[in-house]
Amino acid sequence: MTEKFLLDESRLKSVEENYKRVLNSVRESAVKAGRDEKDVRLMCVTKTVEPVYINKALELGADLIGENRVQEYLGKRDELNLNGVERHLIGHLQTNKVRQIVGEVDMIESVSSLKLAKEISKVSVAKGIVTNCLAEVNIGKEESKSGIFIEALEDTLCEISELDGIRIRGLMTIPPICGDEDEARRYFAQMRQYFIDIKDKKIHNVNMEILSMGMSGDFEAAVAEGSNIVRVGSAIFGERKYF
Ligand SMILES: *Cc1c(COP(=O)(O)O)cnc(C)c1O
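Thresholds, definitions, all that
- Residues numbered from 1 in each chain as written.
- Predicted model: local features only at pLDDT ≥ 70, side-chain atom pairs only at ≥ 80, totals over all residues.
- Heavy atoms only, no water.
- Helix = DSSP H or I, 4+ residues; strand = E, 2+ residues; numbered from the N terminus.
- Polar contact = N/O pair within 3.5 Å; in protein donor to acceptor, adjacent residues only side chain to side chain.
- Contact = heavy atoms within 4.5 Å.
- Buried < 20%, exposed > 50% of the residue type's maximum accessible area, 1.4 Å probe, protein only.
- Right-handed = clockwise from strand over helix to strand, strands pointing away.
- Pairing = 2+ DSSP bridges.
- Expected span 1.5 Å × (residues − 1).
- Near = heavy atom within 4 Å.
- Nonpolar A, V, L, I, M, F, W, Y, C, P; charged D, E, K, R; others polar.

**Some thoughts on the side chain of R35**
When you line up the elements, R35 lands in the loop between α1 (9-32) and β1 (41-45). Polar side-chain contacts of R35 include one of 2.9 Å to the backbone oxygen of V223. With sequence-adjacent residues up to four places away left out, R35 is seen in contact with A30, V40, V223, G226, S227 and N228.

Rendered as structure tokens:
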């Protein structure tokens, strides 16, 4: 970070309280849904958050972080205590950034097109690795969002399955902004069904293990519908000024 940075002690304290509270309520949501609390992982979404606050969550045991932007992540990761921490890219990825991020994160959750998958494949093969990915589904067919439409999902996954250097491990989604929890839950229920349907198709090289859905405002509904990664930012780190 180049600008002068002032540590906000009270924010540090609230990150600690928030992290513990959110972790608890994710576990409670799992139990309430009749699931094992260990089935659901809490991802700390760290976009726009300065390293010192992220490190607080890591110190408390957070073991999974999600970043949106390649540049931001690469710029701050050296200041993070990432020992034993899994890192996922969750934001929209442009093909011209693929080269910089492949090999630097454990998973790319935002594979939103065949074109992007092909680029990840090409770069991964060149680096001699296999990149774990999720297919991002645009469940609400929103123009403002990226992601694969449900109608195209199976065909796209079949095409991706033919590529070397990339392995699909599940699905990710961000539903439209919903008026209430019931509405959000209907989108999550649809996702759960597609997840099961795709799993039943047993597409070679495509594993349906991870269903990444639920954010600060709706993770309880997502967990009730089978999410096993909830991506929580503002409920842990506080409101963001941008993004
Ligand atoms: C920002 C972001 C989140 C977290 O959102 P909050 O509402 O702050 O919890 C989750 N997933 C993605 C893809 C995001 O960009």
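**Topic: the pairing of strand β6 (residues 166-173)**
When you tally the buried positions in β6, you get 6 out of 8 residues, the bulk of the element. Following the chain from strand β5 (residues 131-137) across helix α6 (residues 150-161) to the adjacent parallel β6, one finds a crossover that is right-handed. When β6 meets strand β7 (residues 206-212), the two strands line up parallel, connected through 4 bridges. Looking at the pairing, I168 lines up with V206 of β7. The handedness of the β6 to β7 crossover, carried by helix α7 (residues 181-201), is right-handed.

**A look at helix α5 (residues 114-127)**
Over its 14 residues, α5 runs 20 Å from end to end, which matches the ideal 20 Å to within 8%, given 1.5 Å per residue. Turning to α5, its buried residues are L114, L116, A117, E119, I120, S121, V123 and S124. Each element contacted by the buried residues of α5 is listed here: α4 (98-101), β4 (107-111), β5, α6 and β6. G128, located one to two residues past α5, shows a positive phi value of around 70°.

**Brief notes about the site of the ligand**
Around the ligand sit V45, K47, N68, I90, I174, M215, S216, R231, V232, G233, S234 and R240, and those are all the residues in its vicinity. N68 has a polar side-chain atom sitting 2.8 Å from an oxygen atom of the ligand. Here an oxygen atom of the ligand and a backbone polar atom of G233 are 2.8 Å apart. Among the residues making up the shell around the ligand, the classes are represented as 5 nonpolar, 4 polar and 3 charged.

**Concerning helix α2 (residues 51-59)**
Along an α-helix, residues three or four apart share an orientation, since each turn contains 3.6 residues. Counting buried residues in α2 gives 7 out of 9 residues, a clear majority hidden from the surface. Along α2, the residues that are buried comprise P51, Y53, I54, N55, K56, A57 and L58. Elements in contact with the buried residues of α2: α1, β1, β2 (64-67), α3 (70-76) and α9 (234-237). One or two residues past the end of α2 sits G61, with phi positive at roughly 115°.

**Concerning the side chain of N18**
You can see N18 is positioned in helix α1. Note on N18: relative accessible area 13%, which makes it buried. Among the polar contacts listed, one links the side chain of N18 to the backbone oxygen of I236, at a separation of 3.0 Å. Residues contacting N18, with those up to four places away along its chain left out, are A235 and I236.

**Digging into the environment of E162**
Positionally, E162 belongs in the loop between α6 and β6. Spatially, the C-alpha atom of E162 lies 20 Å from that of I210, the residues being 48 residues apart in sequence.

**Observations regarding the pairing of β4**
Within β4, 5 of the 5 residues are buried, which leaves the element mostly enclosed by the surrounding structure. In the sheet, β4 pairs with β5 via 2 bridges, with the strands oriented parallel. In the sheet register, V111 faces β5, and the bridge partner there is A135. The parallel pair β4 and β5 is bridged by α5, and the resulting crossover is right-handed.

Limitation: the analysis is restricted to geometry and does not speak to function.
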